[in-house]
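Residue-level structure breakdown
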Amino acid sequence: MKSLQPIAFVVSLLGLLSLLWVNLATLFGKPAPFEVSFIGIFLSMFPLWAFTIVYLQKTRPPIPEAEANQMSKLRQIQYYLGNPPNWAMIVLALFYAYLLYSAVLYLNGGSVDPEYVNGQYQFFNHGNITYFTEEEYQVQHRLHLRSITGVFMGFFAVSTVALGPWQR
């Protein structure tokens, strides 16, 4: 388990940085440096997330109840994540705030990624077809990419913090 930790850390950091790259590019109105999909990100993140959870369960002993009652919830979270430094917890909190923002984006239209069918961009929803111009498609596609990468960055950030070399 310990021998896989550095590899998992590098994978989580690379995943986080690549999603951040796509997210920032689309945030500034540029095309994505590479295309990502919800399923593709999920399938790469799921084994990493599972490893992170198992790793944390195996390496962190439970907090005795007397100690847990005296610790704040944030301190307990920091303990279970391997006691990363405070700056890492602040960065993690920022990624999670952005995750919440991205989840709202996703629910308010970011889940829609129009398809190119018969020479037109369109979205089929509950029997209704909505057509998009090239410009509308680009805006909607960037919103979709921002929303999914923003959500998954939160999960990669937890793995990066939990598996980091800064554990005390």
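This write-up is about the structure you can find in this document. (Residues numbered from 1 in each chain as written. Predicted model: local features only at pLDDT ≥ 70, side-chain atom pairs only at ≥ 80, totals over all residues. Heavy atoms only, no water.)

Some thoughts on the pairing of strand S3 (residues 128-132)
Pairing between strand S2 (residues 120-125) and S3: 5 bridges, direction antiparallel. By the bridge assignment for S3, Tyr121 is matched with Phe132. Hairpin connection, S2 to S3: the antiparallel pair is bridged by 2 residues, and His126 has positive phi, about 50°. (Pairing = 2+ DSSP bridges. Helix = DSSP H or I, 4+ residues; strand = E, 2+ residues; numbered from the N terminus.)

Points about the pairing of S2
In regular strands, side chains alternate between the two faces of the sheet. As defined by bridge partners, strand S1 (residues 115-117) adjoins S2 across 3 bridges and the pair is classed as antiparallel. Counted as the bridge partner of Tyr116 is Tyr121 from S2. From the end of S1 to the start of S2, which pair antiparallel, there are 2 residues, and Asn118 there has a positive phi angle of about 50°.

Points about the packing of aromatic side chains
Scanning all chains against the criterion turns up 11 aromatic pairs. Considering the side-chain rings of Tyr98 and Tyr101, the 5.7 Å spacing of their centres and the 40° angle between planes classify their relative orientation as tilted. With Tyr98 and Tyr101 both in helix H5 (residues 86-110) and 3 residues apart, this pair spans about one turn of that helix. An aromatic cluster is built from Phe38, Trp49, Tyr106, Phe152 and Phe155, whose rings are joined through pairwise contacts. (Phe/Tyr/Trp six-rings, centres within 6.5 Å; stacked < 30°, edge-to-face > 60°.)

Side note on helix H4 (residues 73-80)
The set of residues buried in H4 consists of Gln76, Gln78 and Tyr79. Here the buried residues of H4 occupy an arc of 160° about the axis, which is enough to place them on one side. Away from the buried face of H4 by more than 90 degrees, exposed residues Lys73 and Leu74 are located. Positive backbone phi, at 95°, marks Gly82, one or two positions downstream of H4. (Buried < 20%, exposed > 50% of the residue type's maximum accessible area, 1.4 Å probe, protein only. Arc of directions from axis to C-beta.)

Focus: the packing of helix H2 (residues 38-59) against helix H6 (residues 134-163)
Between H2 and H6, the least distance of the axes is 10 Å, while the angle of their chain directions is 25°. By the angle class used here, H2 and H6 are roughly parallel. Of the two elements, H2 crosses H6, and the hand of that crossing is left-handed. For the pair formed by H2 and H6, the contact residues are Phe38, Ile41, Phe42, Ser44, Met45, Leu48, Trp49, Phe51, Thr52, Tyr55 and Leu56 on the first element and Ile148, Thr149, Phe152, Phe155, Phe156, Val158, Ser159, Ala162 and Leu163 on the second. Across the contact of H2 with H6, the residue classes tally to 16 nonpolar, 4 polar and no charged. (Axes fitted to C-alpha atoms, helices over the stretch in contact; angles between N-to-C directions. Parallel < 35°, antiparallel > 145°, perpendicular 65-115°, else oblique. Left-handed = near helix turned anticlockwise from the far one by under 90°. Contact = heavy atoms within 4.5 Å. Nonpolar A, V, L, I, M, F, W, Y, C, P; charged D, E, K, R; others polar.)

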